[in-house]
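Structural features, examined
Here are the chains, one letter per residue:
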Amino acid sequence: MTTAPWRDPALPATARVDDLLSRMTLEEKTAQLYGVWVGAATDGDGVAPLQREMTADHDWDELITRGLGQLTRSFGTAPVDPALGTQALARAQRRIAGASRFGIPAVAHEECLAGFTAWGATAYPVPLAWGAAFDPALVAELGRHIGHDLRSVGVHQGLAPVLDVVRDPRWGRVEETIGEDPYLVGTVGTAYVRGLESAGVVATLKHFAGYASSVGARNLAPVRAGVREFADVTLPPFEMALREGGARSVMASYTETDGVPVSADPRLLDELLRGEWGFTGTVVADYFGIGFLRSQHRVAEDEAGAAHLALAAGIDVELPTLKCYGTPLVTAVRAGRVPEALVDRAARRVLLQKCELGLLDEDWRPEPDGPVDLDSARNRALAGRLAEESVVLLDNPDGLLPLAPGTRIAVVGPRAADALAMLGCYSFPSHVLPHHPEVPLGVSIPTVLDALRTELPDAKVTFAEGCGVLDPDTAGFAEAVARAAEADVCVAVLGDRAGLFGRGTSGEGCDVADLRLPGVQGELLDALVATGVPVVLVLLTGRPYALGRWHGRLGAAVQAFFPGEEGGPALAGVLSGRVNPSGRLPVSVPRAPGGQPWTYLQPPLGLAGEVSNLDPTPLYPFGHGRSYTTFAWEDFTGNDVTEIGTDGSYDLSLTVRNTGDRAGAEVVQLYLHDPVASVTRPDVRLTGYRRLELSPGESRRLTFRFHADLSSFTDRTGARVVEPGALELRLGPSSAEVRHTARLRLTGPVRVVGPERMLRCEVDVAEAG
């Protein structure tokens, strides 16, 4: 028996796919361009925008006779025992392969924003906590673990990471982002991509592009970002994750920019992404995004018109289920409304990726090897380490923390005794289990209260909730105040409840009008402070909240961004001193709730000044975080003005020494200040950093290798350029504090740079001399 060329693994993938396409009918080719969401609800509250309106039932047995491109969320739609789910997915794949002429299985995809969104899988800290850790190597390890778990059950593609840069912290999906700086988002997000891809899972970059710049911080709202903001803030993390991370898929954003929906924008999805950046993978639609071209954007009159726009723009796969790329597309092609060449182009990309994944090989088998354990001890240890690194000590003015072992502690607040306080909206318990209240969480999640009692067994710990997250009722204040008054210290655990589409205070579709603490939690904090007992504020949130009202009135303040299933022990460790806090803010903490929207990436006119009575200066700046130890920054080289070419590089070095009596981690941050440019520039922006763990008395020598490319920006013509002139490189522990400054002068002509430019500042670490 002769093997068809498309089945021959010895041939190049392109030759195999060309042979296969030549044998396929139009219906078989279009079948590779959509997914099917088995079991998706068509009534009640959903887990995707407008799910009820956009989801339809399909005849599964008839549908798969043509083949199938993707299977949507076999594990992430309803509670499924992982071992049984693995078997069910394998059976479904065999049915798909057996029902069609070519025997090609589907790509199975799942969400993996903060861990595999499946029942019983490890719930890791959310991406905003990754940003707070400033530790790309640890995030790469996280990606590898999550990728391993996905592959262990037969999943090929993960819909993560989110590379949106925060522009307005009122937006509900801030918890899903890595922070408000494109360099931090790019370096940390790229690390996650590397980890996921190293496990053989296709990483999918979200949401390309501009989603976080929506007007008024409203989910799925129009974007009115300028050309330079889009080019210099929004796009760089995606470019880095593609060039350095090797991501093989990109998800088109729901949004529209200046009147053009992303899903119908060939300039973005084809000319930039594929032409300028050289991307060769697949572009997938965000859930129902192609149908939204008709129903939400109103740039298409029917499903066939939406399919035509999306295919022409460069969207290869319709997710989560077929609506436009099925019968409407086939009919339109046969009627001459849509060129079949567009179908062929998308099908070729999809089949090339299936070829890479081994899904075209004759020896393909759907059953994964080995046992299934989605919440292993290794996973939990990693979740705990990342949680510990991400906790930010905002303030500890009088050294109240760490707490003494025998302290009388009143734990108060709606987030203290709730396991869900640790989890973001894309964790399985927050995302899916609200629809299945009878099902247990599936993983062990110690609360702050339980963890603190375990951490400090000699302490007398009492508890009162005080109020709910959003309850307007203050009836519980009296008991909370009484418990606080009896204690040596009060630990107030406040914050968010993650949810979807208004069913929480943080998460997709949970946008807020201002940055006051939700409900009456602010009033509860006022009442606790009024007792005169020192109050330690512990925040478990998905976004920053305005804390100026309590500045100078608290004994200490600790910020955790949904730290995952091991977040309770991590926070208890920080409070006890077992863990020396080392997190740094990936987003600024505002002083007043009306001082936003604001991020630290402001040109001079965006900073405080005499022309306005409103001062947007944050209470705690981007990059801020305190420690229980101290560090000296010594022997800096780079004080004199140095000339380098617009294509040159410059090294600046310093020694960091732990001068305290306990081990700790310092995060040394390098910021760029451009005094004069042809367009206005942010006063400072992050251009390098290094997290450094040191024992007491230990020191290390850091060398930042700055290249002139890192000063590039988009000029008035739309070109990315390096301009000659003065620059300052500022080393500091945050964006608002400068420890050392190197002054450079770039010489030579204006230099236009493209995708080949240097994207990161490498940092070498050596023994101190």
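For the structure given in this document, a descriptive report is provided here.

Conventions used here
- Residues numbered from 1 in each chain as written.
- Predicted model: local features only at pLDDT ≥ 70, side-chain atom pairs only at ≥ 80, totals over all residues.
- Heavy atoms only, no water.
- Helix = DSSP H or I, 4+ residues; strand = E, 2+ residues; numbered from the N terminus.
- Rg over C-alpha atoms; globule rule 2.2 N^0.38 Å.
- Buried < 20%, exposed > 50% of the residue type's maximum accessible area, 1.4 Å probe, protein only.
- Contact = heavy atoms within 4.5 Å.
- Lys, Arg positive; Asp, Glu negative; His and termini not counted.
- Charge placed at Lys NZ, Arg CZ, Asp CG, Glu CD.
- Phe/Tyr/Trp six-rings, centres within 6.5 Å; stacked < 30°, edge-to-face > 60°.
- Lys NZ or Arg CZ within 6 Å of the ring centre and 35° of its normal.
- Pairing = 2+ DSSP bridges.
- Axes fitted to C-alpha atoms, helices over the stretch in contact; angles between N-to-C directions.
- Salt bridge = Lys/Arg side-chain N within 4 Å of Asp/Glu carboxyl O.
- Core = buried A, V, L, I, M, F, W, Y, C linked by side-chain atoms within 4.5 Å.
- Parallel < 35°, antiparallel > 145°, perpendicular 65-115°, else oblique.
- Nonpolar A, V, L, I, M, F, W, Y, C, P; charged D, E, K, R; others polar.
- Left-handed = near helix turned anticlockwise from the far one by under 90°.
- Disulfide = S-S within 2.5 Å.
- Polar contact = N/O pair within 3.5 Å; in protein donor to acceptor, adjacent residues only side chain to side chain.

Right, let's get into the overall build of the chain. The number of helices and strands found in the chain is 21 helices and 27 strands. Against the 2.2 N^0.38 benchmark of 27 Å for 769 residues, the chain shows a C-alpha radius of gyration of 26 Å, consistent with a compact globule. Its C-alpha atoms give the chain principal-axis dimensions of about 80 × 70 × 50 Å. Considering the chain as a whole, with its 769 residues, one finds that 63% of them fall into the buried category. Here the analysis covers contacts within the chain between residues at least 6 apart in sequence; of these, 79% occur between residues at least 24 apart. Across the chain, the mean location of the 71 positive side-chain charges is 1 Å away from that of the 97 negative side-chain charges.

This part takes up the packing of aromatic side chains. All told, the structure shown has 14 aromatic pairs when counted by the stated rule. Geometrically, the ring pair formed by tyrosine 183 and tyrosine 689 is edge-to-face, given 6.1 Å between the ring centres and 85 degrees between the ring planes. On the criterion of sequence distance, the pair formed by tyrosine 183 in helix H8 (residues 182-198) and tyrosine 689 in strand S20 (residues 685-694) is long-range, its members being 506 residues apart. This pair shows no difference in class: tyrosine 183 is buried, exactly as tyrosine 689 is. Of the aromatic side chains, those joined through ring pairs into one cluster are Phe134, Tyr183, Tyr600, Phe622, Tyr671 and Tyr689. When the ring centre of tyrosine 426 is taken as origin, the NZ or CZ atom of lysine 206, which lies over that ring, is 5.5 Å away. The ring of tryptophan 633 has arginine 739 sitting right over it, with the charged end atom 4.7 Å from the ring centre.

Right, let's talk about helix H13 (residues 303-313) for a bit. Count 3.6 residues to each turn of an α-helix, and residues three or four apart come out pointing the same way. Listing the buried residues of H13 in full gives Ala304, Gly305, Ala306, Ala307, Ala310, Leu311 and Ala313. Contacts made by the buried residues of H13 are with helix H11 (266-276), helix H12 (292-295), helix H14 (327-334) and helix H15 (340-356).

Moving on to the sheet that holds strand S14 (residues 535-541). The 6 strands lie next to each other as S10-S15-S14-S13-S11-S12, forming an open sheet whose pairing is mixed. Both edges of this open sheet fall to strand S10 (392-395) and strand S12 (460-464), since each of them pairs with a single strand only. Neighbour-to-neighbour, the strand axes of the sheet open up by a mean angle of 20 degrees, direction not taken into account. Both strand S11 (residues 408-412) and S12 contribute to a ladder of 5 bridges, which runs parallel. Within S12, the position partnered with alanine 410 by the bridge is threonine 462. Set on the sheet, helix H18 (residues 448-455) makes contact with S11, S12, strand S13 (489-495) and S14; between it and S12 the angle comes to about 170 degrees. In this fold helix H19 (residues 477-485) packs onto S11, S12 and S13, with an angle of close to 165 degrees to the strand it touches most, S12.

Turning to the pattern of salt bridges, a few remarks are in order. As enumerated under the stated definition, the model contains 56 salt bridges in all. Put simply, arginine 23 and aspartate 19 hold a salt bridge, and the shortest N to O gap is 2.9 Å. Taken together, the positions of arginine 23 and aspartate 19, both in helix H1 (residues 13-23) and 4 residues apart, correspond to about one turn of that helix. Residue classification places aspartate 19 among the buried residues on the basis of a relative accessible area of 16%. We note a salt bridge from arginine 516 to aspartate 514, for which the minimum N-O separation is 2.3 Å.

Moving on, we come to the sheet that holds strand S17 (residues 642-645). Strand order in the open sheet formed by 5 strands is S17-S25-S24-S19-S20, and the pairing between neighbours is mixed. In the strand order of this sheet, the two ends are held by S17 and S20, each with one partner. In this sheet, adjacent strand axes meet at a mean angle of 25 degrees when their direction is disregarded.

The subject of this paragraph is the nonpolar core. In this structure, Phe208, Tyr325 and Phe704 are the most contacted members of the largest nonpolar core, which totals 203 residues. Counting residues per element, this core draws most heavily on H8, which supplies 8 residues. Non-local contacts of phenylalanine 208, meaning those with residues more than four positions away in its chain, are made with Leu235, Phe238, Val250, Met251, Ala252, Ser253, Val262, Leu268, Leu269, Leu272, Leu273 and Trp277. Counting residues in hydrophobic clusters, the runner-up holds 36 residues, among them Ala421, Leu449, Val489 and Val574.

Our focus in this paragraph is unusual backbone geometry. Glycine aside, a negative phi is what most residues show, and trans is what most peptide bonds show. Residue alanine 160 is joined to proline 161 through a cis peptide bond whose omega torsion reads 10 degrees. The step from leucine 319 to proline 320 runs through a cis peptide bond, and the omega angle for that step is 0 degrees. Here proline 320 is to be found in the loop between H13 and H14. Positive phi is not limited to glycine here, since leucine 220 has a value of about 60 degrees. Turning to its location among the elements, leucine 220 is positioned in the loop between strand S5 (202-208) and helix H9 (227-234). Judged by relative accessible area, leucine 220 falls into the partly exposed class, the value being 26%. One non-glycine residue with positive phi stands out, namely aspartate 635, at about 55 degrees. Exposure remark for aspartate 635: the relative accessible area of 56% places this residue in the exposed category.

A few words now on the packing of H13 against H14. Interaxial distance between H13 and H14 falls to 8 Å at its minimum, and their mutual angle equals 80 degrees. Taken together, the axis directions place H13 and H14 in an arrangement best described as roughly perpendicular. Counting all contacts with H13, which are made through Glu303, Ala304, Ala307 and Leu311, the residues of H14 involved are Pro328, Leu329 and Ala332. Looking at the contact of H13 with H14 residue by residue, the class counts come to 6 nonpolar, no polar and 1 charged.

Another point: the environment of alanine 191. Positionally, alanine 191 belongs in helix H8. Relative accessible area serves as the criterion here: at 5%, alanine 191 is assigned to the buried category. Each C-alpha atom, one on alanine 191 and one on arginine 144, is 9.9 Å from the other, the two residues being 47 residues apart in sequence. Beyond its immediate stretch of four places on either side in the chain, alanine 191 contacts Pro136, Val139 and Ala140.

What follows covers the environment of alanine 15. As for its position among the elements, alanine 15 is in helix H1. For the pair alanine 15 and threonine 680, spaced 665 residues apart in sequence, the C-alpha separation works out to 50 Å.

To continue, consider the packing of H13 against H15. Here H13 crosses H15 at 55 degrees, and the two axes come no closer than 9 Å. Between H13 and H15, the angle falls in the class oblique. Between H13 and H15 the crossing geometry is left-handed. Contacts between H13 and H15 involve His308, Leu311 and Ala312 from the former and Leu342, Val343, Arg345 and Ala346 from the latter.

Let us look at H9. Regarding H9, the residues found buried are Phe230, Ala231, Asp232, Val233 and Thr234. Tucked into the core, H9 has its buried residues touching H8, helix H10 (236-243), strand S7 (256-257), H11, strand S22 (713-714) and strand S23 (720-722).

Okay, the state of the cysteines next. All told, the structure shown has 0 disulfides when counted by the stated rule. Free cysteine: cysteine 467, not disulfide-bonded; nearest cysteine sulfur from cysteine 490 at 12 Å. Not engaged in a disulfide, the cysteine cysteine 510 finds its nearest cysteine sulfur in cysteine 425; these two sulfurs lie 7.1 Å apart.

Next up on the list: the environment of threonine 77. Structurally, threonine 77 is set in the loop between strand S2 (70-72) and helix H5 (82-99). For the pair threonine 77 and glutamate 301, spaced 224 residues apart in sequence, the C-alpha separation works out to 31 Å. Only 2.7 Å separates the side chain of threonine 77 from the side chain of tryptophan 37, close enough to count as a polar contact. Among the polar contacts made by the side chain of threonine 77, one reaches the main-chain carbonyl oxygen of arginine 73 at a distance of 2.7 Å.

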